[in-house]
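Coordinate inspection notes
Below are the chains, spelled out letter by letter.
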There are 2 protein chains.
Amino acid sequence: MVKAMDRRQRKTREAIFNAFRELLEKNRYENITVQDIIDRADVGRSTFYSHFETKDALLKAICSDIFDHIFRGEICEYPGETHNLQEKLAHILWHLKANKKDIIGLLGCESGELFMSYIKEYLSELFKMHLKDFSKDVPQDFLLNHLVCSFCATLKWCADKKMNISPEEIARDFIRVVS
Amino acid sequence: MVKAMDRRQRKTREAIFNAFRELLEKNRYENITVQDIIDRADVGRSTFYSHFETKDALLKAICSDIFDHIFRGEICEYPGETHNLQEKLAHILWHLKANKKDIIGLLGCESGELFMSYIKEYLSELFKMHLKDFSKDVPQDFLLNHLVCSFCATLKWCADKKMNISPEEIARDFIRVVS
DNA sequence: ATATTATTGAACAATGTGTACATTAACATA
DNA sequence: TATGTTAATGTACACATTGTTCAATAATAT
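A brief report on the enclosed structure follows. Remember, predicted model here, so these are calculated numbers, not experimental data. (Residues numbered from 1 in each chain as written. Chains lettered and ligands numbered in written order. Predicted model: local features only at pLDDT ≥ 70, side-chain atom pairs only at ≥ 80, totals over all residues. Heavy atoms only, no water.)

1. Brief notes about the interface of chain B and chain A
Taken together, the contacts link 23 residues of chain B with 23 residues of chain A. Contact between chain B and chain A buries roughly 2200 Å² in total, counting both sides, with carbon and sulfur atoms accounting for 66%. Three residues stand out in chain B for area buried against chain A, namely B:Phe142, B:Trp157 and B:Val177, and they jointly supply 30% of the buried area on that side. Counting across the chain B and chain A interface gives two salt bridges. One salt bridge connects A:Arg176 with B:Asp137, and the closest N-O pair in it is separated by 3.3 Å. (Contact = heavy atoms within 4.5 Å. Buried area = accessible area lost by both parts, 1.4 Å probe. Salt bridge = Lys/Arg side-chain N within 4 Å of Asp/Glu carboxyl O.)

Right, here's the structure in full:
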């Protein structure tokens, strides 16, 4: 029922997205101006604002786009079945690595807070399902926060290493540390 | 050999610091303008800029001030001796709690990145000294990153809970999770 | 071929940044 | 108390960024 986008709209949106991502590779979000974006995307100022209310709205749109792409779309293409938590974490790392170009830009710098919050929500659900795997004598909410945040730290760590990592090894190391 | 500050300078600096901290309690760093600061501090625009080159410089100055105050100054006033890692972590939490007014403002929101980086450096040294306590079969740099980041997550967690926590319990829970 | 819709560029007000400078007030010292 | 030094003030300024408006133009769908 969703009407297809006008080709012009699609092209403009693409151009803005691409310009923004390219700028994110070299600059922090706060230092990128709307002017920078429309210059690189080569679109008019009014065009930008007819697509996005603010720069924040653009960031939000791009985060949810990429998140959907990685976590809901291609995530089923991981080779082999996924059963336990360790494999699921490797699974996530594998997909982030496959999309490293986008990920490094969004996680590598501090601009990554928003995107990270998407991932955190996802991880929170994931770890909640596996809380029984950790027989630690600590409050559950404390444990959950610990797992989510420390795996996020691992993701950032991998992004800083330009995703030149082995998903399986990282996932195994993570599980070893928290088990 | 350091010449004492002119009383006017001290007063101005204090006023700016206080205004900034108060604003940080309710607003995110990025949304606070120099105008807001000088309005609340009730000092002239040029006065502000004769003290600090930019808003970033002010944040940096305030972070290192508070860090020095907490981690180098009062940290010896903790009741009882500190020996093992768990006690040291409780120690840190205890002091952060004692300075909760400053801490919540600086850690509670995303503005906390800079201040957190000070703490991270400190924690990195601390955990490095205790790496032998963790006999985990994972690379040392991975383990160190994990410990530092997950304890920072715990600090943020405590700040979000307005520091209404028991330092001893939190430190114990943390050690249980990573041991 | 035509009606619709997106894009454009230019102009605009509003807000914020950082600097310059002459004037005034507070300070230290003798 | 008188004097030279230093800090604070306010005003004004150039500049950058944001977000809006609008009429003219181009691409699109039918």
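Once you've had a look at it, read on.
2. What about the protein's contact with DNA strand D?
Residues in contact with DNA strand D amount to 20 residues; listed here are only the nearest, A:Arg7, B:Thr12, B:Gly44, B:Ser46 and B:Thr47. A:Tyr49 places a polar side-chain atom, nitrogen or oxygen, 3.2 Å from a phosphate oxygen of DNA strand D. Elements with a contribution of two residues or more to the surface near DNA strand D: helix H1 (7–26), helix H2 (34–41) and helix H3 (45–51) of chain A together with helix H1 (7–26) and helix H3 (45–51) of chain B. Of the residues contributing to the surface near DNA strand D, the split by class is three nonpolar, ten polar and seven charged. (Near = heavy atom within 4 Å. Polar contact = N/O pair within 3.5 Å; in protein donor to acceptor, adjacent residues only side chain to side chain. Helix = DSSP H or I, 4+ residues; strand = E, 2+ residues; numbered from the N terminus. Nonpolar A, V, L, I, M, F, W, Y, C, P; charged D, E, K, R; others polar.)

3. Focus: the side chain of B:His146
Mapping B:His146 onto the fold places it in helix H8 (residues 140–160). On the basis of relative accessible area, B:His146 is assigned to the buried category, the value being 1%. Among residues more than four places away in sequence, those in contact with B:His146 are A:His146, A:Ser150, A:Phe174, A:Val177, A:Val178 and B:Val178. (Buried < 20%, exposed > 50% of the residue type's maximum accessible area, 1.4 Å probe, protein only.)

Treat this as a map of the structure, not an account of what it does.
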